[in-house]
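Listed below, chain by chain, are the residues.
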Amino acid sequence: MEEFAKLIIDGKEITLPVIVGSEGERAIDIRSLRPQTGYITFDPGYGNTGACKSAITYMDGEKGILRYRGIPIEQLAKSSTFVETAFLLITGKLPTRDELTSTSVYLNDASPVHESMKAFYQNYPPKAHPMGILSAMVNAMRSFYPELIDLEEEMNNTYLRLISKIRTMAAMAYKISIGQRVIYPRPDLCYCSNFLNMMFDSAVVPYRMDNDLVRALNVFWILHADHEQNCSTTAVRVVGSGKVNIYSAISAGISALWGPLHGGANQAVIHMLERIRKDGMSVEQCIARAKDAEDDFRLMGFGHRVYKTYDPRAKIMKEMCDIVLKKVKCKDPLLDIARNLEEAALNDTYFKEKNLYPNVDFYSGIVLRAMGIPTDMFTVMFAIGRLPGWIAQWKEDWIDPEMKICRPRQIYTGNILNEYVPIDQREEESSVS
Ligand code: SDX
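Here the structure is a predicted model, which is why all the values come from computation and not from measurement.

Criteria and thresholds
Residues numbered from 1 in each chain as written. Predicted model: local features only at pLDDT ≥ 70, side-chain atom pairs only at ≥ 80, totals over all residues. Heavy atoms only, no water. Helix = DSSP H or I, 4+ residues; strand = E, 2+ residues; numbered from the N terminus. Rg over C-alpha atoms; globule rule 2.2 N^0.38 Å. Buried < 20%, exposed > 50% of the residue type's maximum accessible area, 1.4 Å probe, protein only. Contact = heavy atoms within 4.5 Å. Areas by Shrake-Rupley, 256 points an atom, 1.4 Å probe, with all protein chains shown as cover. Lys, Arg positive; Asp, Glu negative; His and termini not counted. Charge placed at Lys NZ, Arg CZ, Asp CG, Glu CD. Pairing = 2+ DSSP bridges. Phe/Tyr/Trp six-rings, centres within 6.5 Å; stacked < 30°, edge-to-face > 60°. Near = heavy atom within 4 Å. Polar contact = N/O pair within 3.5 Å; in protein donor to acceptor, adjacent residues only side chain to side chain. Nonpolar A, V, L, I, M, F, W, Y, C, P; charged D, E, K, R; others polar. Expected span 1.5 Å × (residues − 1). Bend = angle between axes of the 7 residues up to and from the residue. Salt bridge = Lys/Arg side-chain N within 4 Å of Asp/Glu carboxyl O. Domains from an automatic or database assignment. Buried area = accessible area lost by both parts, 1.4 Å probe.

J.: Would you mind showing me how to read the overall build of the protein here?
T.: Per the secondary structure count, the protein includes 19 helices and 6 strands. A compact globule built from 433 residues should have a C-alpha radius of gyration of about 22 Å, and the protein, at 24 Å, falls within 12% of that. The buried share of the protein, reckoned over its 433 residues, is 48%. The contacts of the protein with a sequence gap of at least 6 include a subset with a gap of at least 24, amounting to 70%. As presented, the protein carries roughly 22400 Å² of accessible surface, and 55% of it is formed by carbon and sulfur atoms. For the protein, the distance from the average position of its 50 positive side-chain charges to the average position of its 54 negative side-chain charges is 5 Å.

J.: Would you explain the pairing of strand β5 (residues 65-68) in this entry?
T.: Two faces make up the sheet, and in a regular strand the side chains alternate between them. A one-sided burial pattern is seen for β5, the buried positions being Leu66 and Tyr68 and the unburied ones Ile65 and Arg67. Where strand β4 (residues 57-60) meets β5, 4 bridges bridge the pair, whose relative direction is antiparallel. Within β5, the residue paired with Asp60 across the bridge is Ile65. Linking β4 back to β5 in an antiparallel pair, the connection comprises 4 residues, with Gly64 at a positive phi of about 65°. The sheet contact formed by β5 and strand β6 (residues 71-72) spans 2 bridges and is antiparallel. The residue bridging Arg67 from the neighbouring strand is Pro72, located in β6. Count of turn residues in the β5/β6 antiparallel hairpin: 2 residues, of which Arg69 carries a positive phi of about 50°.

J.: Looking at this structure, I do not really get the packing of aromatic side chains. What am I missing?
T.: Describing an aromatic ring pair means giving the distance of the ring centres and the angle of the ring planes. A full pass over the atoms with the stated rule returns 13 aromatic pairs. For the ring pair Phe82 and Trp221, a centre distance of 5.4 Å and an interplane angle of 45° mean the geometry is tilted. Of this pair, Phe82 sits in helix α3 (residues 82-91) while Trp221 is found in helix α9 (residues 211-224), placing the two residues 139 residues apart along the sequence. For Phe82, a relative accessible area of 1% corresponds to the buried category. When its relative accessible area of 0% is taken as the criterion, Trp221 is described as buried.

J.: Just to check I follow, could you spell out the site of the ligand for this structure?
T.: Close to the ligand lie 23 residues; His227, Arg298, His304, Arg305 and Arg313 are nearest. Between an oxygen atom of the ligand and a side-chain N or O atom of His262, the distance comes to 2.9 Å. Here an oxygen atom of the ligand sits 2.6 Å away from a polar atom, N or O, in the side chain of Arg313. Residues that form the shell around the ligand fall into these classes: 10 nonpolar, 7 polar and 6 charged.

J.: I tried to follow the sheet that holds β5 on my own but got confused; where do I start?
T.: In a beta sheet, neighbouring strands pair by backbone hydrogen bonds and run either parallel or antiparallel. Spatial strand order, β4-β5-β6: 3 strands in an open sheet with antiparallel pairing. Since the sheet does not close on itself, it has two edges, and those belong to β4 and β6, each with one partner.

J.: Which parts of the structure should I look at to understand helix α7 (residues 152-177)?
T.: For α7, with 26 residues, the first-to-last C-alpha span of 37 Å sits near the 38 Å given by 1.5 Å per residue. Residue Lys165 marks the point of greatest curvature in α7, where the axis turns by about 25°.

J.: Any chance you could explain the pattern of salt bridges here in plain terms?
T.: Any two side chains of opposite charge can pair, on the condition that their charged atoms come close. If you walk through the whole model with that rule in mind, you get 25 salt bridges. With a closest N to O distance of 3.0 Å, Asp397 and Arg237 form a salt bridge. You can see Asp397 sitting in helix α18 (residues 378-399) and its partner Arg237 sitting in helix α10 (residues 231-240), a full 160 residues away along the chain. The exposure classification of Asp397 matches that of Arg237, with both residues buried. Each of the salt bridges in this network shares a partner with another, and the network as a whole consists of Asp29, Arg31, Lys53 and Glu402.

J.: Got a minute to help me understand the domain arrangement of the protein in this structure?
T.: Where the parts come together, the accessible area they lose is often given as the size of the interface. Domain annotation for the protein reports domain 1 (4-60) and domain 2 (72-399). The distance between the C-alpha centroids of domain 1 and domain 2 comes to 33 Å. With 10 residues of domain 1 at the contact, the number on the domain 2 side is 13 residues. Summed over both partners, the interface of domain 1 with domain 2 buries about 960 Å², with 63% contributed by carbon and sulfur atoms. Together, Ile56, Thr57 and Met59 form the three largest contributors to the area buried by domain 1 at its contact with domain 2, with a combined 60%. Viewed at the interface, domain 2 and domain 1 are joined by 0 salt bridges. Linking domain 1 with domain 2 are 4 residue pairs in polar contact (both at pLDDT 80 or more), by the criterion used here.

J.: Whenever I open this one, α18 confuses me. Can you help?
T.: Since the α-helix turns once every 3.6 residues, residues separated by three or four places project in the same direction. Counted at 1.5 Å a residue, the expected span for α18 with its 22 residues is 32 Å, and the 32 Å between its end C-alpha atoms agrees. Along α18, the helix axis deviates most sharply at Arg386, where the bend reaches about 45°; the proline Pro388 sits within four residues downstream. Of all 22 residues in α18, 20 are buried, a share of seventy percent or more.

J.: I tried to follow the side chain of Glu84 on my own but got confused; where do I start?
T.: Structurally, Glu84 can be placed in helix α3. In this structure Glu84 is buried but unpaired, with Arg215 as the nearest side chain of opposite charge at 8.1 Å. Beyond its immediate stretch of four places on either side in the chain, Glu84 contacts Leu94, Pro95 and Leu100.

This is the structure we're talking about:
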């Protein structure tokens, strides 16, 4: 049965349709609001605005639920692999064994990058941030692999080519930044182990693969694979809505993810923990500063626009800390600081009243550190994980007949009608006044 909302504006009553989602979420469809009333809505940051209908990921922020195509994140983290999860997100179903095999073979075959792409890296300053390099390199892929939009099979190959090569380009950025020889992908290694080998193998010390760390990397990337309409996914959809090629839309997503309020938070958490340790700040001092509106100190890795309870991914990431640290036989003092901070914040009125809980970034940096990933590469790791979600969302937007180019309205607050005054007259008037 159709539902409606009534609105009374300037004494006139209008009726607006209500859209109901498969989990019972409701939205007022305001597409006829301006034509009927001349009014628009106002929602900076879009916290209360649905930008699209989507069948990819479901989140319940109050209950801490996260599902990819209906499957709970906990089950995928426990039993799936990143490649299988990527297939699920992009196609909408879990792969058959043959589909999984052919996908893995294609990912392996597509993993080398065009040799002339290496020249791009040589000319970056040594301290260039790998997120800036990655965003540029993904955009550059359009020049090397022009995708043929009207061929379904070619688009599937484009998706897999992106997922495969982003790993190689990320590892190249790291190797070149430390002045080491680039390690090429190996045909005998799976997606995650190939990445670890490209990152850490060297002519001097061959990398010794550890299956527990390969599993941890699968779980890390599964947890990051999609998250409905977050900032970077919205960037991918907005840029994609202009019908630009997929590489440029994904490159925009990488740039949006880089920010410390978004994917850059995992790097910001480690910097925060290191600063706390270096300055000898007590947990009490941290909590007090995080609550002080006059102080720009924030508890990075805490709070979320949607989750008003514990981020289900943070729970799994926290468990991974113990597993990975035990495996690498390392005790990370930052983990103790993180745990004490979390305990204090979860028991603090300010954080409880504002529903501020650890999010996926709070513990992820500690897991990555334990795996030997350098801090500057943390957000790159997030980007590699999020790529299947960006692709799935871009594809859903591209084929949705209801979707149009994104062009929001505004409420103008600038000068009312003004006259142009030639510079001579302006100078004359200012000298007189
Ligand atoms: C990700 O959207 C997604 O799904 C993102 C993501 C994904 O998978 O794509 O989940 C990944 O980006 C996780 C978030 C990582 N960012 C951080 O950890 C940075 C620290 N967190 C905050 O900056 C903040 O919580 C945000 C950006 C995450 C959410 O910001 P909102 O929803 O705009 O909330 P807000 O900034 O308006 O905060 C509401 C109140 C404010 O106090 P008042 O103005 O009401 O007095 O809570 C306070 C804020 O000052 N607050 C914090 C805080 N986060 C919010 N106070 C101290 N420490 C914090 N971390």
